[in-house]
Amino acid sequence: LFAIFAFATCGGYSGGLRLSVDCANKSESDLNIDIAFAYPFRLHQVNFDVPTCEGKRREKLSLIGDFSSSAEFFVTIAVFAFLYSLAATVVYIFFQNKYRENNRGPLIDFIVTVVFSFLWLVSSSAWAKGLSDVKLATDPDEVLLLMSACKQQSNKCLPVRSPVMSSLNTSVVFGFLNFILWAGNIWFVFKETGWHSSGQRHPPDTMEKQSSSYNQGGYNQDSYGPAGGYNQPGSYGQVGEYGQSQSYGQSGPTSFANQI
């Protein structure tokens, strides 16, 4: 939307000014000299006829300056920014998986956003300078200086209507607003790239250090074996009154005769 407003207010402009030349001989006067100009502001091609106040002879003049380069550059950037924004919106909505595949989509989007931010700044600055030159070249007081009849004190040359430049001023404002918008969007596009996600990822040995810290307390499952102090569950020994051990197996105690 900001791009549309930018190129519409600049590319769709047409304006004009009106002058009056009151000669000493009233029959030679022309009180309504209309000069019209429009985008792309090739003012040197805008021709108009004015009286010379010397009989019926008239002279053909033209405005000064060619400011089409800055104006066309500004409108071109605005149109391409609009087309890219429209295409990116379609991709975001309908092709989200394709966009994130291999991280290629976010990287391309990030680079294009940076480029458009720079181009918006350059084109808006160039068009702001071009607009100031257009205002000077179409100033009625400056245009009157081009007429030979206005150099004679017996003739009266007056500006009747000045051109309205409000829409052109608005286009410059929208140009810098687009720069702020695209420059601010760099951060949000950067977060979609792999560069941002790799910076947020933990080092691979962090989890190993955390897991090894639990083994430093001296606790081990092997220390609690199934046989605490008794290695053989079926038999255990006792010391008899004659100093000889008596063993009791699974079949019961042995006889004293066998022990003797």
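Counting restarts for each chain: residues are numbered from 1 in the order of the written sequence. Side-chain atom pairs in this predicted model are given and counted only at pLDDT of 80 or more, local residue features only at pLDDT of at least 70, and totals for whole chains, interfaces and linings cover all residues. Computation of side-chain values covers all heavy atoms of the structure but excludes hydrogens and water.

(A) Structural context of the nonpolar core. We call a set of buried Ala, Val, Leu, Ile, Met, Phe, Trp, Tyr and Cys residues a nonpolar core when their side-chain atoms join them within 4.5 Å. For every residue, the accessible area (1.4 Å probe, protein chains only) is compared with the maximum for its type, and the residue is labelled buried under 20%, exposed over 50%, or partly exposed between those bounds. Counting 42 residues, the largest nonpolar core has Ile35, Phe37, Phe41, Phe48, Trp120, Trp127 and Met147 as the members making the most contacts within it. Going along the chain from the N terminus, every DSSP run of H or I of four or more residues is numbered as a helix, and every run of E of two or more is numbered as a strand. Listing elements by their share of this core, those giving two or more residues are helix H1 (2-11), strand E1 (14-22), strand E2 (30-38), strand E3 (47-51), helix H2 (68-94), helix H4 (104-137), helix H5 (140-144) and helix H6 (166-190).

(B) Inspection of the pattern of salt bridges at higher detail. For this analysis, a salt bridge means a side-chain nitrogen from Lys or Arg found within 4 Å of a carboxyl oxygen belonging to Asp or Glu. By the definition in use, this model includes six salt bridges. One salt bridge in this structure joins Asp22 and Lys26, with 3.0 Å as the shortest N-O distance. On the basis of relative accessibility, which here comes to 58%, the residue Lys26 falls in the exposed class.

(C) Expanded view of the UniProt feature "transmembrane region" (unreviewed entry) in the protein chain. According to UniProt, the "transmembrane region" (unreviewed entry) feature falls on residues 73-95, 107-128 and 172-190. Taken as a whole, residues 107-128 contains 100% helix and 0% strand, while its terminal C-alpha atoms sit 32 Å from one another. UniProt positions are given in the numbering used here, feature names are shortened, and annotations may be inferred rather than shown by experiment.

(D) Here's a closer look at the packing of aromatic side chains. When the centres of two rings from Phe, Tyr and Trp lie within 6.5 Å, Trp using its six-membered ring, the rings pair. Their planes under 30 degrees apart give stacked, over 60 give edge-to-face, and anything left gives tilted. Evaluation of the coordinates by the stated rule reveals 14 aromatic pairs. Consider the rings of Phe116 and Trp182, whose centres lie 5.0 Å apart with planes at 40 degrees: the pair is tilted. Of the two residues, Phe116 is situated in helix H4 and Trp182 in helix H6; the sequence distance between them amounts to 66 residues. Here Phe116 and Trp182 have matching classes, each one buried. Each member of the aromatic cluster is reached from another via a ring pair, and the members are Tyr13, Phe37, Tyr39, Phe41, Phe74, Trp120 and Trp127.

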